[in-house]
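Summary of the model geometry
Each chain, letter by letter, is given below.
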Amino acid sequence: MEPDAVVPPTALPTPTPEPDVEARLALAEHLLACDEPRLCAQHVVAWLTRERPSDVAACLARDSGTERWVCLAARNLSEAQRDALAFQPGETSHPLAETLTQGAPRFFSAPPAPLPAVGCIAVPLGRPGAPAAGLLLLSADGPTLTPDAAWVSAHVGPRLAAMLPTEGREVAGGELLRRIIDTVADPVLLTDLEGRPHIANARAEVLLVAGPDASEGRRRATELNRQVFSSALASFASGDTSTVRRREVPLVDPVEGIDLLFEVVSTPVLEPDGRESLVSVMRNVTDLGRATQALGESYRRLRDTEREARSERHRLDRVLDSVPDPLILSDPAGGMVMMNSPAEKLFATHPDSGEAALRRLRSNNAGFSSFLANLLDAEGRPRWRGQLGLVDPATGATLPMEAVANKVLGDSGELTGIVTLFHDRSEALEKARLLERVKEGSVHLEARVQAATAELAEQNEMLRRQAIQVEQASAAKSQFLANMSHEFRTPLNAILGYTNMLLQGVSGELNPAQKRNLTRIDSNGRHLLEVINEILDITRIEAGRMPLNLSDFGIPELLQEVMAEMDPIIARSKLTVSAHLGPRVPAVYSDRQKVKQIVLNLLSNALKFTHEGSVQVQAEYVAATSTLTISVTDTGIGIDPANQEKIFEDFQQVDSSPTRAYGGTGLGLSICRRLATMLGGRVTLQSTQGEGSTFTLHFPRRARRA
Ligand code: ADP
């Protein structure tokens, strides 16, 4: 069983430039902390097969008692197989013993029993130039060692040798460590907790140590680096020192003078003398730092741009929402990009939209798409205006809309979007409909107004004719009454004259019966004359034939005259009748005859309708209104409120029965009212039935000619 190839020492591959430094350090730490060869071998076997657990691996060493080579640790080999691996160092024919003698790795395509029949490489372990202290067996496809196997062979072999009873075990652990860590491309240091280096590999020394012949600049740079490094580690010591810590430390490249950024990973270790130390591995992350910084910068810029875009978007949202009509912003393909809230109600679906609402929304969106197509299909058209029948998704009410879509062009004239504004035409259409109805109504109304105007004109004409007829009739009536009164008065005066002469005995003495009858003739004749006179007065007033005769006169004299004329009746009445004058009653300018006629009438009524008590005539001057009042107050029968208006009308009497108790024509008060009106005044009445009445004439101190 010959080996397929002896791997020449020069063929040993050098470790790759990017080895798994931390894993190697971890193994190195384990080995350093380990004094027992079997344990050490177990670590190595486990470490070498960590990535390919199905590989066969074994570590052999000389048993110090039997001198046999025995298996210290193995993977994927049974106990029996492990035992079967043992051999005597003197067995020159044993392939593994041979490998030891040659002191170089060997590849077996068909390995010696009891190893499985797969490719295997045997690697002697030990200090260079010294007999091997151990032997490593590893599954292999060819004669090339893996970088990790080569690393173990170069650096772990001496450590193993140091623990085993072979020559050269005095090799110092520090030297071994130095050798190991010098191969690491990154700076590695073992420091105390204050950051003072105990061991530093070559890369770390470049950064932190300046040789005696180094330039001044380099010395300063390494000094600065040491300070920065120490203070970074010191901050580690002030925290929790039981865990691995990472931090970034800015240093200077002492050779190039450029800024470097290292990520320092520090792991606390306990040294054999109980002191706490730190193992720090430094990774140059300068480029990473720069890249991170550049990335941060880009990210910041992106954030700024994003923020600006967001605020622009908010601004746009606010602008959109301030538009009361629905408004939609579409992309060049017609897809909706933004819309304001009124537009959302018509086009956007909501989670709580029901089936009917969704159907209406779909119909609105379809309508809008086909509307936009009109604009998008037309090349040179910048704007499109059209009618669009939408539906209110909430109520289903139809919404007649007018929409105007406008193209938004970019700097180079390319289409960047479309803005569409909707205007609800419901109101306008309703107004137009109402206007139409108003127009129809107004035509109709005009026709009716014309008809009514014609009818009115006809009625006016009729009224005018009737008025003329009435006027003529009234004039004829007045004329007739005036004539008749005159015709009545002349013979009546003759009758009264002759009756008077007969009563005075001009035609001889009369017997009592003749005298009584003649007296009755006289009384009735006088009543008739009174009626005729009153009718004549009314007729004259109405015909405007009773002119005002204005003059200055005094009220006291007028009252004296009235009292004197009424004296015979007063004397017969047994009533207390008196006349009073208020303070400062001035002379008046009015129609004396008409004032006197009114007062006489009121006084004669008072005497007629009062059976006992008193009658008072009172004249006052109301300076505030420059008005005179002459009132006649009696304690007579009074007038029922229901009749107080009526008695001022022509021929109206409270007691109009044929058997009435009081004489009279019912014309007196209506004449008084007419005369008072001619004077610019009026007659008022206050009366309580059964208690008495007060009739008052009010007239201005100075009358005006009508
Ligand atoms: P007549 O000639 O009947 O007195 P008037 O026009 O003077 O006509 O009066 C109308 C009616 O008013 C009288 O018939 C009477 O009923 C009522 N009347 C007038 N004055 C008085 C009065 N002082 N007291 C009660 N009733 C009166």
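Our subject is the structure listed above.
Residues numbered from 1 in each chain as written. Predicted model: local features only at pLDDT ≥ 70, side-chain atom pairs only at ≥ 80, totals over all residues. Heavy atoms only, no water.

**Some thoughts on the site of the ligand**
We count it as follows: What makes a residue near a molecule or strand is one non-hydrogen atom of that residue sitting within 4 Å of it. Throughout this description, a polar contact denotes any pair of N or O atoms lying within 3.5 Å of each other; where both atoms belong to protein, one of them has to be capable of donating a hydrogen while the other can accept it, and for residues adjacent in sequence the pair is counted only when both atoms sit in side chains. Here the Shrake-Rupley method, with its probe set to 1.4 Å, supplies the accessible areas, and only the displayed protein chains count as covering residues. Only runs of H or I of at least four residues qualify as helices and only runs of E of at least two qualify as strands under DSSP, and these elements are numbered from the N terminus. Residue type decides the class: Asp, Glu, Lys and Arg count as charged, Ala, Val, Leu, Ile, Met, Phe, Trp, Tyr, Cys and Pro as nonpolar, and the leftover types, Gly among them, as polar.
In the region of the ligand, 21 residues are neighbours, and Asn605, Lys608, Gln653, Thr665 and Leu669 sit closest. Lys608 is positioned with one of its side-chain polar atoms (N or O) 3.0 Å from an oxygen atom of the ligand. Contact between the ligand and Asp634: a nitrogen atom at 3.0 Å from a side-chain N or O atom of the residue. Out of a free accessible area of 530 Å², the ligand has 96% covered by protein chains. For the shell around the ligand, the elements supplying multiple residues, two or more each, are α15 (592-608), α16 (668-679) and β23 (692-700). Sorting elements by how many residues they give to the shell around the ligand places α15 first, with 4 residues. Counted by class, the shell around the ligand contains 9 nonpolar, 10 polar and 2 charged residues.

**Describing the nonpolar core**
Heads up, the condition is: The criterion is simple. A nonpolar core is a set of buried Ala, Val, Leu, Ile, Met, Phe, Trp, Tyr and Cys residues joined through side-chain atoms within 4.5 Å. In this scheme, a residue with accessible area under 20% of its type's maximum is buried, one over 50% is exposed, and one in between is partly exposed, where area comes from a 1.4 Å probe on protein chains only. Any two residues whose heavy atoms approach within 4.5 Å at even a single point are treated as in contact.
Counting 48 residues, the largest nonpolar core has Ile555, Val595, Leu603, Ile630, Phe695 and Phe699 as the members making the most contacts within it. If near-sequence neighbours (up to four positions away) are discounted, Val595 is found in contact with Phe553, Leu558, Ser590, Ile630, Leu679, Leu697 and Phe699. Counting 32 residues, the second largest nonpolar core, distinct from the first, contains Ala41, Phe107, Ile121 and Ile180.

**Looking at the sheet that holds strand β8 (residues 197-200)**
The following threshold applies: For two strands to be treated as a pair, DSSP must find at least two bridges joining them. Between the N-to-C directions of two axes lies an angle of 0 to 180 degrees, each axis being a line fitted to C-alpha atoms and, for a helix, fitted only over the stretch in contact.
One open sheet holds the 5 strands; their spatial order is β8-β7-β11-β10-β9, and the pairing between them is antiparallel. This sheet does not close on itself; its edge strands, each paired only once, are β8 and β9 (245-252). Neighbour to neighbour, the strand axes of the sheet diverge by 30 degrees on average, direction disregarded. Bridge count for strand β10 (residues 259-270) against strand β11 (residues 276-284) is 9 bridges, and the pairing is antiparallel. Bridge assignment links Leu270 to a residue of β11, and that residue is Glu276. Against the sheet, helix α9 (residues 286-322) touches β10 and β11, its axis set at about 120 degrees to β10.

**Considering the sheet that holds strand β12 (residues 327-330)**
Pairing is antiparallel in the open sheet, where 5 strands are placed in the order β13-β12-β16-β15-β14. Each edge of the open sheet carries a strand with a single partner, namely β13 (336-339) and β14 (383-391). For this sheet, the mean inter-axis angle between neighbouring strands, taken without regard to orientation, is 25 degrees. Relative to β13, α9 is tilted by about 65 degrees, and along the sheet it contacts β12 and β13. Contacts from helix α11 (residues 355-377) reach β12, β13, β14, β15 (398-409) and β16 (415-424) within the one sheet, and its direction differs from that of β14 by about 165 degrees.

**Focus: the packing of helix α13 (residues 512-542) against α16**
The following threshold applies: Crossings are sorted by hand: turned counterclockwise from the far helix by less than a right angle, the near helix makes the crossing left-handed, and turned clockwise it makes it right-handed.
The contact between α13 and α16 brings their axes to 10 Å, and the two run at 30 degrees. Crossing geometry of α13 relative to α16 is assigned as left-handed. Across the interface between the two elements, Glu534, Asp537, Ile538, Ile541 and Glu542 from α13 touch Gly668, Ser670, Ile671, Arg674, Leu675 and Met678 from α16. Split into classes, the residues belonging to the contact of α13 with α16 amount to 5 nonpolar, 2 polar and 4 charged.

**Focus: the packing of aromatic side chains**
Quick reminder of the rule: Two rings from Phe, Tyr or Trp (for Trp, the six-membered ring) form a pair when their centres sit within 6.5 Å of each other. Planes less than 30 degrees apart are called stacked, planes more than 60 degrees apart edge-to-face, and all others tilted.
Counted by the stated rule, this structure contains 6 aromatic pairs. The interplanar angle of 10 degrees and the centroid separation of 6.0 Å between the aromatic rings of Trp69 and Phe87 together place this pair among those described as stacked. In this pair, Trp69 is assigned in strand β3 (residues 69-75) and Phe87 in the loop between α3 (79-84) and α4 (95-102), connecting sequence segments 18 residues apart. Side by side, Trp69 and Phe87 carry an identical accessibility label, which is buried. Between Phe347 and Phe368, the ring centres sit 5.6 Å apart and the planes meet at 55 degrees, which makes this aromatic pair tilted. In this pair, Phe347 is assigned in helix α10 (residues 341-347) and Phe368 in helix α11, connecting sequence segments 21 residues apart.

**A word on a nonpolar patch on the surface**
How we decide: Surface patches are defined over residues having more than 30% relative accessible area and no salt bridge, joining like charges when they lie within 9 Å and nonpolar side chains (Val, Leu, Ile, Met, Phe, Trp, Tyr) when within 5 Å. Take a side-chain nitrogen of Lys or Arg and a carboxyl oxygen of Asp or Glu: if they are within 4 Å of each other, that pair is a salt bridge.
Nonpolar side chains collect at one region of the surface, where Tyr498, Met501 and Val506 lie side by side and expose about 330 Å² of accessible area between them. Secondary-structure assignment places Tyr498 in helix α12 (residues 426-503).

**Here we look at the pattern of salt bridges**
For the structure on display, the rule yields 28 salt bridges. Glu51 is the partner of Arg50 in a salt bridge, and the nearest nitrogen-oxygen pair spans 4.0 Å. Looking at Glu51, the relative accessible area reads 61%, which means it is exposed. Of the charged contacts, one joins Asp55 and Arg52 as a salt bridge, the two residues approaching to 3.3 Å between their closest N and O atoms. Relative accessible area serves as the criterion here: at 46%, Arg52 is assigned to the partly exposed category.

**Quick look at the packing of helix α1 (residues 21-33) against helix α2 (residues 37-48)**
Put simply, the rule is: Just so you know how the angles are binned, under 35 degrees is roughly parallel, over 145 roughly antiparallel, 65 to 115 roughly perpendicular, and the rest oblique.
Contact pair α1 / α2: the axes reach a minimum separation of 10 Å and the direction vectors enclose 165 degrees. With respect to each other, α1 and α2 are oriented roughly antiparallel. Our pair here, α1 against α2, has a crossing hand that is right-handed. In this structure, α1 contributes Ala23, Arg24, Leu27, His30 and Leu31 to the contact, and α2 contributes Cys40, His43, Val44 and Trp47.

**Some details on helix α14 (residues 555-573)**
Side chains of residues three or four places apart in an α-helix project in the same direction, reflecting 3.6 residues per turn. Using the following cut-off: The bend reported for a residue corresponds to the angle between axes fitted to the seven residues ending at that residue and the seven starting there.
Taking the largest bend as the criterion, α14 deviates by roughly 60 degrees, centred on Asp567, and proline Pro568 comes between one and four positions later. What α14 keeps buried is the set Ile555, Leu558, Leu559, Val562, Met563, Met566, Ile570 and Ser573. Looking one or two places after α14, you find Lys574, whose phi comes out positive at around 65 degrees.

**With respect to the side chain of Ser330**
Checked against the element boundaries, Ser330 lands in strand β12. Judged by relative accessible area, Ser330 falls into the buried class, the value being 2%. If we ignore the near neighbours within four places in the chain, the residues touching Ser330 are Gly335, Met336, Val337, Phe368, Leu372, Gly417 and Ile418.

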